[in-house]
Amino acid sequence: MILFKRANDLRQWLEKAKQNGLKSGFIPTMGALHAGHISLINQSKKSDDLTVASIFVNPTQFNNAADLEKYPKTIEADIRQLETAGCDILFLPSVAEMYPDGLQADKKYNLGMLETVLEGKFRPGHYQGVCMIVDKFLQLVQPHYLYLGQKDFQQCMVLQKMIDQLTGIDKPVIRICPTAREKDGLAMSSRNMRLTTDERKTAPKLFQMLTFIKENFTAKPLPELLTEAQKMITDAGFKPDYITIADYETLTPIQKPNDCKHSIALVAAYLHEIRLIDNLILS
Ligand code: PAF
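Residues numbered from 1 in each chain as written. Predicted model: local features only at pLDDT ≥ 70, side-chain atom pairs only at ≥ 80, totals over all residues. Heavy atoms only, no water.

Colleague: Even after reading the chapter, I still don't get the sheet that holds strand 7 (residues 238-247), so can you show me in this structure?
Modeller: The pairing of strands in a sheet comes from backbone hydrogen bonds and takes either a parallel or an antiparallel form. Within the open sheet, the three strands sit side by side as 7-8-9. Their pairing is antiparallel. The sheet is open, and its two edges are formed by strand 7 and strand 9 (274-281), each paired on a single side. Pairs of neighbouring strands in the sheet enclose a mean axial angle of 10°, with direction left out of account. Judged from the eight bridges that link them, strand 8 (residues 263-271) and strand 9 form a sheet pairing that is antiparallel. Residue pairing for strand 9: I264 is matched across the bridge by I281. Sheet contacts for helix 10 (residues 205-215): strand 7, strand 8 and strand 9; angle to strand 9, the most-contacted strand, approximately 25°. (Pairing = 2+ DSSP bridges. Helix = DSSP H or I, 4+ residues; strand = E, 2+ residues; numbered from the N terminus. Axes fitted to C-alpha atoms, helices over the stretch in contact; angles between N-to-C directions. Contact = heavy atoms within 4.5 Å.)

Colleague: For this particular structure, what's the right way to read the sheet that holds strand 1 (residues 2-4)?
Modeller: Judged by pairing direction, the sheet is parallel, and its six strands sit side by side in the order 1-4-3-2-5-6 without closing on themselves. Of all the strands in the sheet, just strand 1 and strand 6 (173-177) have a single pairing partner and so form its edges. Looking at each pair of strands side by side, their axes are set apart by 25° on average, direction ignored. Across two bridges, strand 2 (residues 24-29) lies against strand 5 (residues 145-149) in parallel orientation. Looking across to strand 5, one finds that F26 is bridged to L146. Sheet strands touched by helix 2 (residues 35-47): strand 2, strand 3 (50-55), strand 5 and strand 6. Its angle to strand 5, the strand with the most contacts, is close to 150°.

Colleague: In this structure, what is going on with the site of the ligand? I would like to understand it.
Modeller: Within the structure, the ligand sits among P28, T29, M30, N58, Q61, V130, I133, V134 and Q155. Between the ligand and the protein, one listed contact pairs an oxygen atom with a side-chain N or O atom of Q61 at 2.6 Å. For the ligand, whose accessible area on its own is 290 Å², the fraction buried by protein is 89%. For the shell around the ligand, the elements supplying multiple residues, two or more each, are strand 2 and helix 7 (126-141). (Near = heavy atom within 4 Å. Polar contact = N/O pair within 3.5 Å; in protein donor to acceptor, adjacent residues only side chain to side chain. Areas by Shrake-Rupley, 256 points an atom, 1.4 Å probe, with all protein chains shown as cover.)

Colleague: Whenever I open this one, the confidence of the model for the protein confuses me. Can you help?
Modeller: Predicted coordinates in areas of low pLDDT are best not read in detail. Chain-level pLDDT for the protein is 97 on average; 100% of the residues reach the 70-or-more range. Strand 4 (residues 89-91) holds the highest mean pLDDT among the elements of the protein, 99, whereas helix 3 (residues 65-69) holds the lowest, 94. (pLDDT = per-residue confidence, 0-100.)

Colleague: Would you explain the packing of aromatic side chains in this entry?
Modeller: To describe a pair of aromatic rings, one takes the distance between the centres and the angle between the planes. Here the structure, examined in full by the defined rule, presents eight aromatic pairs. Centroid distance F4 to W13: 6.2 Å. Interplanar angle 55°. Geometry classified as tilted. Exposure remark for F4: the relative accessible area of 10% places this residue in the buried category. You can call W13 partly exposed: its relative accessible area is 30%. On the basis of an interplanar angle of 35° and a centroid distance of 6.3 Å, the ring pair of F56 and Y99 is categorised as tilted. Here F56, found in the loop between strand 3 and helix 3, pairs with Y99, found in the loop between helix 5 (95-98) and helix 6 (119-122); they are 43 residues apart in sequence, far enough to count as distant. As far as the burial class goes, F56 and Y99 line up, both buried. An aromatic cluster is defined as three or more aromatic residues linked by ring pairs; in this entry it consists of F26, F56, F91, Y99 and F137. It is R175 that lies over the ring of Y145; its NZ or CZ is 3.5 Å from the centre. (Phe/Tyr/Trp six-rings, centres within 6.5 Å; stacked < 30°, edge-to-face > 60°. Buried < 20%, exposed > 50% of the residue type's maximum accessible area, 1.4 Å probe, protein only. Lys NZ or Arg CZ within 6 Å of the ring centre and 35° of its normal.)

Okay, structure coming up:
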């Protein structure tokens, strides 16, 4: 694996490599890698000529300073995992490298209602920061494929909207890979590293609650189902930001199972200090 810290070095290397017509896949990460990230690397290794990953804890997408400060950092273990998985290139820039002119936004992305619902509502500015950094990475790497995990379902929609508005480069195709889960169902997340032993035991309740929604999706009226789902996780000690059943295409909440063609249940909830998110496709 070749490690680049400077954008210019990476750009020059990729320009040469792509003269040979190589097709590349890009996996942006914030490090603290787990099997979910590695499954994205594996997908790219299977189908692309060149697999490029980045590790960068992006300050502009954190709306909570403590969350940024406490974000887990395991860089040596990350590098070992990427090498074992056969990743070709790792881009590991500094904040100054990615934001030479400072952290203020130089453009506003039009994300429509995606910016005002669910994660957009509870994490103001978060998606503008995600778009800002992924835009910079895409301009630099110009991959054919962008690999993202389904756990961040709304982020996948946001990035598709950002890519639709991109100009000047060929637009990458997004490939969404299924959420990787622990044996007890907990969605893999870098933030899981911050759970205490007791919190770790409680955390799978979130997936159990989503499974309960899926199992009862057509059996109970949806408002009643959501009330029961909420009680399941609040009784376990979670403080939900939201639990919703929504149209898979638009994230608009639905009232009845046949209000849309495909539906999805999404949740974000705090277990004490740690905010976890998850989702499950229902139909
Ligand atoms: O999903 C993440 O880890 C981040 O939002 C991303 C896409 C790497 C941008 O910083």
